[in-house]
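Chain residues, written in single-letter form:
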Amino acid sequence: MILKGMKIGWALTGSSCNFEYVFPEIERLANKGADLYPIISYSVNSFDTRFGTAEEWKNKLRNITGKELITTIVDAEPVGPKLGLDILIVAPCTGNTLSKLANAVTDTPVTMACKAHLRNQKPLVLAIATNDGLGANGKNIGLLLNMKNIYFVPFGQDNSKGKPNSLVAKFEKIEPTLIEALTNKQIQPILD
């Protein structure tokens, strides 16, 4: 019950094909007593996909966390100075969000929440889901692996034949990754 009562920010970005794997992890932490604060990207807020509508996913997130969603940059800015999260996770974290974090671009609610949270010297955990992790985004992963207070959920290739550059986190390893990150340790192995 290490995470019971912990203030955990959970940011979702637009890899909606992975929501079916991420939402059970959100529920698992909520059921263990974590105090969850939901943050969503603009795409999660508005895109209807073959994996579900934006409203369906937002309602599910509200029901699990019992909180209103942070959906704007203005609402995300106080995450650092006022909310005082113990830890923040971005799951799923798209290649687009990875590249923005690696290059200090703050133009979405999720990137603003990450920036605001990191200024408190608290852990940020990334659970990547990117089709170009072994391509154009490889350099961004490398940069972020070397940054203070940023930790990764173990990841690997999800379809080496059909999508040879694609990397996806092992979402079932979110909880142990969070526990390690709270003690300033990167869970190992990262490549799984």
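Remember, it's a predicted structure, so these values are computed and weren't measured experimentally. (Residues numbered from 1 in each chain as written. Predicted model: local features only at pLDDT ≥ 70, side-chain atom pairs only at ≥ 80, totals over all residues. Heavy atoms only, no water.)

> Before we go on, may I ask you to explain the environment of E55 in this structure?
Mapped onto the elements of the fold, E55 is located in helix α3 (residues 54–65). Here E55 falls in the partly exposed class, since its relative accessible area comes to 42%. (Helix = DSSP H or I, 4+ residues; strand = E, 2+ residues; numbered from the N terminus. Buried < 20%, exposed > 50% of the residue type's maximum accessible area, 1.4 Å probe, protein only.)

> Would you mind showing me how to read the environment of A181 here?
Residue placement: A181 occurs in helix α8 (residues 174–181). Setting aside chain neighbours within four positions, we find A181 in contact with I87, P123, V125 and Y151. (Contact = heavy atoms within 4.5 Å.)

> Whenever I open this one, the packing of helix α1 (residues 19–31) against α3 confuses me. Can you help?
The relative placement of two packed helices is expressed as an angle between their axes plus a distance between the axes. Contact pair α1 / α3: the axes reach a minimum separation of 10 Å and the direction vectors enclose 15°. Looking at the two axes, α1 sits roughly parallel to α3. Viewed along their axes, α1 and α3 form a crossing whose handedness is right-handed. Between α1 and α3, the residues in contact are F19, E20, F23, I26, E27 and A30 and W57, K60, L61 and I64, respectively. Per-class residue counts for the contact of α1 with α3 are seven nonpolar, no polar and three charged. (Axes fitted to C-alpha atoms, helices over the stretch in contact; angles between N-to-C directions. Parallel < 35°, antiparallel > 145°, perpendicular 65-115°, else oblique. Left-handed = near helix turned anticlockwise from the far one by under 90°. Nonpolar A, V, L, I, M, F, W, Y, C, P; charged D, E, K, R; others polar.)

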